[in-house]
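Structure assessment
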Amino acid sequence: MLIGPGIDSSPHAHFAVQLTLGLDKPFRARLGPDQPWIETRAAVFAPNQFHQIDCGGDMLAHLLVELPQRQQTVSTVIPAQYDALPHFAQVRAVFAAARHGQLDSDTARAAAHQWLHCAIPQAQSPTGFDRRIARALEWLAANPGKEPGGALLAAEVHLSESRFTHLFRQQTGMSLSRYLLWMRLLAGVAAVARGENMTNAAHQAGFADLAHMSRTFRSTFGVVPSELQKMTIAFKQNPA
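Now for a look at the structure at hand. Counting of residues starts from 1 at the beginning of each chain's written sequence and follows it residue by residue. Per-residue local features of the predicted model are confined to residues with pLDDT of at least 70, and side-chain atom pairs are confined, for both listing and counting, to 80 or more; whole-chain, interface and lining totals are unaffected and use all residues. Values shown for side chains rest on all heavy atoms present in the structure; no hydrogens or waters enter the calculation.

Take the environment of threonine 107 next. Numbering of helices and strands starts at the N terminus; helices are DSSP runs of H or I of at least 4 residues and strands are runs of E of at least 2. You can see threonine 107 is positioned in helix 2 (residues 105-119). Remark: the alpha-carbon pair of threonine 107 and valine 224, spanning 117 residues in sequence, is separated by 27 Å.

This is the structure we're talking about:
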């Protein structure tokens, strides 16, 4: 969850479902450089959906959530009307506190669940996510900084490497190498949330240097990572 002055992004796509809310006024969004701009107060962007935001520096709140591939039936919705629901009021109260830098992880987690419930009710439902891939994701989450090959993870979950890599892509929507890169970007965000400077964040996330992280971050999120330093961030990485 990120709350702060919005950044006008270049077209980009990433692995997470993204919920975005204009805190003071509507913003503009579109689903690619050839698509029309739509003005809205709230939006839902599906995983791997190219999108772009234009907000003129106004305050925005974003929630990025990883969902298993079988939950990724979430559709891109511009505009999304969930912010008018009465039980969204408690989420707005969290945003109000976050604008003053007050956003602890427990409060943010509760607000994230409520935000998801309002915007994407089906995301709360159980899925048929393959337990073997869930165990692989749990292993990756429990071993930050390690980037094993498919053979090691396949052995961990008692699959052949070819079967594991096929099943991993089927269940997550990404190749293992792309998922590991995604994890490194999240590690960089987590480091910034802990107060690290950008160079330290890049090194702790496993990038060769800040320039490498910046290029990868911009292609994934549409902005440079230094913009994170202007925001209040609550970060929690959970296995599937």
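One side chain can pair with another of opposite charge once the charged atoms of both are near each other. For this document, the term salt bridge refers to a Lys or Arg side-chain nitrogen within 4 Å of an Asp or Glu carboxyl oxygen. Taken as a whole, this structure holds seven salt bridges when the rule is applied. Note that lysine 230 and glutamate 227 form a salt bridge whose closest N and O atoms lie 2.9 Å from each other.

Bridging between strand 3 (residues 27-30) and strand 4 (residues 38-40) involves three bridges; their strand directions are antiparallel. Its bridge partner being in strand 4, alanine 29 is matched across the sheet by isoleucine 38. A pair of strands is labelled paired if DSSP reports no fewer than 2 bridges between them.

Before going further, it helps to spend a moment on the nonpolar core. Buried residues of nine kinds, namely Ala, Val, Leu, Ile, Met, Phe, Trp, Tyr and Cys, make up a nonpolar core once their side-chain atoms join them within 4.5 Å. For the exposure calls, accessible area comes from a 1.4 Å probe over protein chains only, and a residue counts as buried if that area is under 20% of its type's maximum, exposed if over 50%, partly exposed in between. Leu140, Phe164, Tyr179 and Trp182 are the most contacted members of the largest nonpolar core, which totals 42 residues. Contributions of two or more residues to this core are made by helix 3 (131-142), helix 4 (150-156), helix 5 (161-172), helix 6 (176-193), helix 7 (198-204) and helix 8 (210-221). If you tally residues by element for this core, the top one is helix 6, at 11 residues. Whether two residues touch is decided by their heavy atoms; if any such pair falls within 4.5 Å, the residues are in contact. Leave out the neighbours within four places in its chain, and leucine 140 touches Lys146, Pro148, Leu153, Tyr179, Leu180 and Met183.

Two aromatic rings from Phe, Tyr or Trp, using only the six-membered ring of Trp, form a pair when their centres are within 6.5 Å; if the ring planes differ by under 30 degrees the pair is stacked, by over 60 it is edge-to-face, and anything between is tilted. Summed over all chains, the structure comprises 10 aromatic pairs. Judged by centre distance (5.9 Å) and plane angle (80 degrees), the ring pair of phenylalanine 15 and tryptophan 182 falls under edge-to-face. One end of the pair, phenylalanine 15, is in the loop between strand 1 (2-5) and strand 2 (17-22); the other, tryptophan 182, is in helix 6, and 167 residues separate them in sequence. Overall, tryptophan 182 belongs to the buried group, its relative accessible area being 4%.

The subject of this paragraph is helix 2. Helix span is expected to be 1.5 Å times the residue number reduced by one. The end-to-end C-alpha separation of helix 2 is 21 Å, in line with the 21 Å expected for 15 residues at 1.5 Å each. Every buried residue of helix 2 is listed here: Ala108, Ala111, Ala112, Gln114, Trp115, Leu116, Cys118 and Ala119. Where helix 2 is buried, its residues contact strand 2, strand 5 (42-45), strand 7 (59-65) and helix 1 (89-98). Sitting at the amino-terminal end of helix 2 is aspartate 104, which places a side-chain oxygen 3.1 Å from the backbone nitrogen of aspartate 106. Under the rule applied, a polar contact is a pair of N or O atoms within 3.5 Å (in protein, one hydrogen donor and one hydrogen acceptor; residues adjacent in sequence only if both atoms are side-chain atoms).

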